[in-house]
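Each chain, letter by letter, is given below.
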Amino acid sequence: FHHTSIPHLCSCSKTVSDEKYQDPFQLGRKDLKNLYEDIKKELLVSTAELKEMCDYYFDGKGKAFRPMIVVLMARACNIHHNNSREVQASQRSVAIIAEMIHTASLVHDDVIDDANSRRGKMTVNQIWGERKAVLAGDFILSAASVALARIGNTTIISVLTQVIEDLVRGEFLQLGSKENENERFAHYLEKTFKKTASLIANSCKAVSILGCPDPKVHEIAYQYGKNVGIAFQLIDDVLDFTSCADRLGKPTAADLKLGLATGPVLFACRQFPEMNAMIMRRFSKPGDVERARRYVLQSDGVQQTTYLAQRYCHEATREISKLRPSPEREALIQLTEMVLMRDK
């Protein structure tokens, strides 16, 4: 399904001649060189065990999707403002801090979810235990805060600390559920923004503030990050039903097992109202998870969620297209398509 029925929504990328067009990951690579080594320098610790735990997810094998968006946005805004092609040191620091905050949230999420695999390997909590995992997540967050303070810009500090607040609020939203169907979808989208999109939106906003004084540009950067972030999570929620565990690096139907009603479930519920009771009891009865999964795959829940993700990507493209043309701007447009087409 994923590879066949998603139309290419944006023709905007044709505005740049082919020789200037580059793969986003190639274009951002030079600014992300030694990213993980630099993160490890921020995590200098005295105890060997804490160091080992912190280094465990910063193994350089991640796609560095968030830092990639951040450095491309930094350059797109710098070019828009004064045609500067360089990423400032403070903007690169934002990319590092974003990856640290993201990883700390993964460590904590895995404890909350009692998860046993992440990115195809055992979780920190499985190896070192829950207590130490919580402390490791806290430590990574504190190191990110120190790096943030070093940028020395109070606006940037307030923009990025908003992310940490949103992550906590998003986690609380995830623990609750709504009886009313319309409220339930709004609740889901708000949780998705806070848990996933806020980090991308506010990191993009932070580098735009550092690179350009125009508030209109800050809003463009924020809106692009917000829309891409929500689309990214919607596709993630689709993959929980359509991808096999090997590709995903975590068990499938994981969200149902955690009692979570994501986009595909909420759309399926419109066709199969009997799912309402299952949602309210968080799929806790024997057989609920399998039945819910079957209903989702029989419904158009996956297609509807994918379509919604396309709309968010379309909006992200519309926003970023307001910036002056540059290879980086085109790469950010290309990234919206990559979000839709990914299969893990």
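All values reported here derive from a predicted model rather than from experimental measurement.

A.B. asks: I'd love a proper account of the packing of helix H10 (residues 215-242) against helix H17 (residues 327-341), names of residues and values included.
C.D. replies: Here H10 crosses H17 at 20°, and the two axes come no closer than 9 Å. One element, H10, and the other, H17, form an angle in the roughly parallel class. When the axes of H10 and H17 are compared, the crossing they make is left-handed. Facing Tyr-224, Val-228, Ala-231, Phe-232 and Ile-235 of H10, the residues of H17 in contact are Leu-332, Ile-333, Leu-335, Thr-336, Val-339 and Leu-340.

A.B. asks: Give a description of helix H2 (residues 35-42) that names residues and reports values.
C.D. replies: Of all the positions in H2, only Leu-35, Tyr-36, Asp-38 and Ile-39 are classed as buried. In an axial view of H2, the angular spread of the buried residues amounts to 160°, which keeps them on one side of the axis. Structurally, H2 contributes buried residues whose contacts are with helix H1 (24-32), helix H4 (65-82) and helix H5 (89-113).

A.B. asks: Just give me the short version of the packing of aromatic side chains, but keep the residues and values in it.
C.D. replies: Counted by the stated rule, this structure contains 6 aromatic pairs. An angle of 80° between the planes, with centres 5.7 Å apart, marks the rings of Phe-185 and Tyr-188 as edge-to-face. Of this pair, Phe-185 and Tyr-188 both sit in helix H9 (residues 181-211), separated by 3 residues, roughly a single helical turn. An identical accessibility class is assigned to Phe-185 and Tyr-188; each is buried. The ring of Phe-232 has Arg-66 sitting right over it, with the charged end atom 5.3 Å from the ring centre. Here the guanidinium or amino end of Lys-121 rests over the ring plane of Tyr-56, the centre of that ring lying 4.0 Å away.

A.B. asks: Tell me what's going on with the pattern of salt bridges, and back it up with residues and numbers.
C.D. replies: One pass over the structure, following the stated rule, counts 21 salt bridges. For Glu-328, the salt bridge identified is with Arg-75, shortest N-O distance 2.9 Å. Of this pair, Glu-328 sits in helix H17 while Arg-75 is found in helix H4, placing the two residues 253 residues apart along the sequence. Neither Glu-328 nor Arg-75 differs from the other in exposure class; each is buried.

A.B. asks: So what about the confidence of the model for the chain? Which residues, and what values?
C.D. replies: This prediction gives the chain a mean pLDDT of 90; 92% of its residues lie at or above 70. Within the chain, helix H16 (residues 301-320) carries the highest mean pLDDT (98), whereas helix H11 (residues 245-248) carries the lowest (66). A low-confidence stretch, residues 1-20 stays under pLDDT 50, and its non-local contacts, those more than four residues away or across chains, total 38 contacts.

What counts as what
Residues numbered from 1 in each chain as written. Predicted model: local features only at pLDDT ≥ 70, side-chain atom pairs only at ≥ 80, totals over all residues. Heavy atoms only, no water. Axes fitted to C-alpha atoms, helices over the stretch in contact; angles between N-to-C directions. Helix = DSSP H or I, 4+ residues; strand = E, 2+ residues; numbered from the N terminus. Parallel < 35°, antiparallel > 145°, perpendicular 65-115°, else oblique. Left-handed = near helix turned anticlockwise from the far one by under 90°. Contact = heavy atoms within 4.5 Å. Buried < 20%, exposed > 50% of the residue type's maximum accessible area, 1.4 Å probe, protein only. Arc of directions from axis to C-beta. Phe/Tyr/Trp six-rings, centres within 6.5 Å; stacked < 30°, edge-to-face > 60°. Lys NZ or Arg CZ within 6 Å of the ring centre and 35° of its normal. Salt bridge = Lys/Arg side-chain N within 4 Å of Asp/Glu carboxyl O. pLDDT = per-residue confidence, 0-100.

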